[in-house]
Amino acid sequence: MQETIVTAKVSRSKLNGRPFVAVTETRKIMDKVYSGRTVIPARFREINIPVVNCTNGPQLLRKDTYLGNVEPDNIVSSSLANSEVPNDEQTVSTIMSCL
């Protein structure tokens, strides 16, 4: 098994589209070759996507290989990131009490 970084670009839907922070989900690219979940910076070119090859031999990704959908991401402000988050036990108790 090998992991490597593939340099990719985002296809724009509009010529005047502005770059945005986005995410990609893990996706099967070809037999036993997968792209990793990635947070993409706000740009359209030179984006690093982790790819794992689960075979014993080398695999060739051709130019313009589709690596997955790009979905806009929401940035959490630092004030929200530092707010109190319930621990796992509280969350499970709350869920179980609703059943």
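The notes below deal with the structure included here. What you see is a predicted model, and the numbers here were worked out from it, not measured in a lab.

1. Overview of the overall build of the chain
Here is step 1: In terms of regular secondary structure, the chain is built from 2 helices and 7 strands.
Here is step 2: Taken from the N to the C terminus, the helices and strands of the chain come in the order β-β-β-β-β-β-β-α-α.
Here is step 3: Every one of the 99 residues in the chain was classed for burial, and the buried ones make up 21%.
Here is step 4: Nonlocal contacts in the chain, meaning residues at least 24 apart in sequence, comprise 58% of its contacts between residues at least 6 apart.
Here is step 5: Working note: accessible area of the chain is about 8200 Å², and carbon and sulfur atoms make up 51% of it.

2. Some words on unusual backbone geometry
Here is step 1: We note that Glu46 has phi near 55 degrees; this positive angle belongs to a residue other than glycine.
Here is step 2: Take Glu46: it is sitting in the loop between β5 (38-40) and β6 (47-53).
Here is step 3: Despite not being glycine, Asp64 shows a phi value in the positive range, around 70 degrees.
Here is step 4: One can find Asp64 in the loop between β6 and β7 (71-72).
Here is step 5: For Asp64, a relative accessible area of 60% gives the class exposed.

3. Brief notes about the pattern of salt bridges
Here is step 1: Counting across every chain of the model gives 1 salt bridge.
Here is step 2: A salt bridge links Glu25 to Arg37, with the shortest nitrogen-to-oxygen separation between them at 3.2 Å. With Glu25 in the loop between β2 (22-24) and β3 (27-30) and Arg37 in the loop between β4 (33-35) and β5, this pair connects stretches of sequence that are 12 residues apart.
Here is step 3: On the basis of relative accessible area, Glu25 is assigned to the partly exposed category, the value being 45%.

4. Observations regarding the layout of surface pockets
Here is step 1: A volume near 800 Å³ is recorded for the largest pocket.
Here is step 2: The wall of the largest pocket is formed by 35 residues, among which Ala8, Lys9, Thr65, Tyr66 and Leu67 lie closest to the centre.
Here is step 3: At 6 residues, the largest contribution of residues to the lining of the largest pocket is made by strand β1 (residues 2-8).
Here is step 4: Along the lines of polarity and charge, the residues of the lining of the largest pocket split into 15 nonpolar, 12 polar and 8 charged.

5. Quick look at empty space enclosed by the protein
Here is step 1: One pass over the full model with this rule turns up 1 cavity of 30 Å³ or more.
Here is step 2: Estimated volume of the largest cavity: approximately 40 Å³.
Here is step 3: Taken together, Val10, Pro19, Phe20, Ala22, Ile40, Pro41, Arg43, Phe44 and Val70 form the lining of the largest cavity.
Here is step 4: Here the lining of the largest cavity is built from residues that sort into 8 nonpolar, no polar and 1 charged.

The rules behind these values
- Residues numbered from 1 in each chain as written.
- Predicted model: local features only at pLDDT ≥ 70, side-chain atom pairs only at ≥ 80, totals over all residues.
- Heavy atoms only, no water.
- Helix = DSSP H or I, 4+ residues; strand = E, 2+ residues; numbered from the N terminus.
- Buried < 20%, exposed > 50% of the residue type's maximum accessible area, 1.4 Å probe, protein only.
- Contact = heavy atoms within 4.5 Å.
- Areas by Shrake-Rupley, 256 points an atom, 1.4 Å probe, with all protein chains shown as cover.
- Salt bridge = Lys/Arg side-chain N within 4 Å of Asp/Glu carboxyl O.
- 1 Å grid on protein atoms, 1.4 Å probe; cavity = no way out; pocket = protein on both sides within 12 Å on 5 of 7 lines; lining within 4 Å.
- Points joined across faces, edges and corners; volume = space filled by probe spheres on them.
- Nonpolar A, V, L, I, M, F, W, Y, C, P; charged D, E, K, R; others polar.

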